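Structure assessment
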Amino acid sequence: MINIFGRSFGAPSNLTRLILLSILSGTLMVLDHRGHHLEKIRAGLNLLAYPVQVIAAAPTQVFHGIADFLTTRGALRRDNEKLLAERQLLLAKLQKFETLEEENSRLRRMIVSATQVTEKVLAAELIEVSSEPFTRKIVVAKGSQDGVYVGQSVIDAHGIMGQVTQVSSRVSRVTLITDAGHAIPVFDNRSGLRMLVFGTGDPDKLKIPYLTASADIKEGDLLVSSGMGGTFQPGYPVAHVVKIINDSNEAFLTVTGKPTAQLNHGKQVMLIWGNKPARSGDTRK
Amino acid sequence: MTWSPDKRRRVTLIGTFSVALILTIMPFPVWAEPFRPDWVGLVLIYWCLAIPDRVSVGTGWLLGFLQDVLYGSLLGSNAIGKTLVAFLAVRLHLQLRMFPRWQQAVSVFGLLITNQLLVLWIRGAIGQAPETISYWTPSIVGALLWPWLFIILRDMRRRSAIS
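Residues numbered from 1 in each chain as written. Chains lettered and ligands numbered in written order. Predicted model: local features only at pLDDT ≥ 70, side-chain atom pairs only at ≥ 80, totals over all residues.

Once that is clear, we can look at the overall build of chain A. What chain A contains, in helices and strands, is three helices and 14 strands. Residues counted as buried form 28% of the 285 residues belonging to chain A. Restricting to contacts in chain A with at least 6 residues of sequence separation, those with at least 24 account for 58%. (Helix = DSSP H or I, 4+ residues; strand = E, 2+ residues; numbered from the N terminus. Buried ≥ 20, exposed ≤ 12 C-beta atoms within 10 Å, placed from the backbone. Contact = placed C-beta atoms within 7 Å.)

So this is what it looks like as structure tokens:
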């Protein structure tokens, strides 16, 4: 019994509790979304969630372990041969690249541009857990103690995967470019046209809105990150244009893209540190 | 076992809720993801129907909050959904208990859809609403699973003599 102003109340009813807890949730949501006041608490909570994530990922881990153990000698040898051949090819390409990089930096020095081409890269293991249904997020086993920061670009061997959106000391969460509400500034590698690529929540689909019928874009074009807005590193492949629909009833083209990075498979990602440009406003938070 | 009834109940509840939480973040192939039911919601509804004076709104909120932490989603978005589900389940528990199993499944579908709709509104408000129709399949799968889950959880409840 609670006594307030001489009137006694019993334990709060379910309706009262529903209202109070809804208000609490509402406050939390506003604090979390608007002001980012909960970064510290978030980091702590993420650290607490870490053991649960490890437990949830354990069965797949064991499964992978068994699959690795059962790989035959023949398969390993085949893999090895293939990798050696690939390495030869890449080394051959690299010879050219080094001279080009040198030439590029010389040219840049001539026009007094401060941008550097070389970047620091760190490989990170994925922790295989699912995120909220129909969001595209992944958890990687590197955190602030490895120097990971919010807004950092994450890539794989084929292109940009997304950006770091939450960091705790040992794990961080990466929002993929296919997440609904995510946007990344790019330009068309063929025509130089600048545009934004939005995620849809679909694992394999990106949309490119706000392009008029006269825009110089074709199916099959490669879209490359432009680095505008200062969040993503410029010059990495993002998506291929797969479909353009020109409906004369609509003001804009309906353009669909497919990410070049393999967002749904692979066990490793790469975090890159470029020269951090001045942050002139995020595309997303 | 010589545990007190109180301790038995607590262990069973914490056990089933933990399993549900772990199942929600268990890795799934991408194509199968729409078919993952809302385990936390289902288990919560069961306990709200079985022991509404022990498990209700507060438990719902806590579970939703933990789900938010595990998902890394907007803190409070799943919490508010689960609070509402628990409230409705407790409010309707006398009718729902009387229903035949299939009718119960239909009502559970209604509860799960309410939760999803609320979460969708919130995600829409912050500009992260998914644009696929398959957003709704987890509720359908959940309703189809309900009769089996009900039997499993009821057996567990009887074995640990919770009432």
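This brings us to the interface of chain A and chain B. The interface is formed by 39 residues belonging to chain A together with 37 residues belonging to chain B. Every element with two or more residues in the side of chain A that touches chain B is listed here: helix 1 (14–35) and helix 2 (39–69) of chain A. Looking at the side of chain A that touches chain B, the element that brings in the most residues is helix 1 of chain A, giving eleven residues. Class assignment of the residues belonging to the side of chain A that touches chain B gives a composition of 16 nonpolar, 16 polar and seven charged. (Nonpolar A, V, L, I, M, F, W, Y, C, P; charged D, E, K, R; others polar.)

Of all hydrophobic cores here, the largest spans 78 residues; its most connected members are Met161, Val197 and Val238 of chain A together with Ile45 of chain B. It is helix 2 (residues 39–50) of chain B that provides the largest number of residues to this core, a total of ten residues. Both of domain 1 (14–68) and domain 3 (120–285) of chain A provide at least three residues apiece to this core. Once residues lying within four places of it in the same chain are set aside, the contact partners of Ile45 of chain B are Val85, Ala89, Val108 and Leu111 of chain B. Residues Met29 of chain A together with Leu75, Val119 and Ile122 of chain B belong to the second largest nonpolar core, which totals six residues. (Core = buried A, V, L, I, M, F, W, Y, C linked by C-beta atoms within 7 Å. Domains from an automatic or database assignment.)

Okay, the sheet that holds strand 7 (residues 172–176) of chain A next. All names here are of chain A. Spatially, 3-4-7-6-5-14 is the arrangement adopted by the six strands of the closed barrel, whose pairing is antiparallel. With strand direction ignored, the average angle separating the axes of adjacent strands in the sheet is 45°. Relative to strand 4 (residues 137–140), strand 3 (residues 120–127) runs antiparallel, the two being bridged by two bridges. The residue of strand 4 that forms the bridge with Ile127 is Val139. Packing of helix 2 onto the sheet brings it into contact with strand 3, strand 4 and strand 6 (159–167), and relative to strand 6 it is tilted by some 120°. (Pairing = 2+ DSSP bridges. Axes fitted to C-alpha atoms, helices over the stretch in contact; angles between N-to-C directions.)

Take the sheet that holds strand 8 (residues 183–188) of chain A next. Residues and elements named next belong to chain A. Spatially, six strands are ordered 8-9-10-13-12-11 in a closed barrel, and the strand pairing comes out antiparallel. Across the sheet, the mean angle from the axis of one strand to that of its neighbour is 40°, orientation sign disregarded. In this structure, strand 8 lies alongside strand 11 (residues 222–225), joined through three bridges in antiparallel fashion. Residue pairing for strand 11: Asp188 is matched across the bridge by Leu223.

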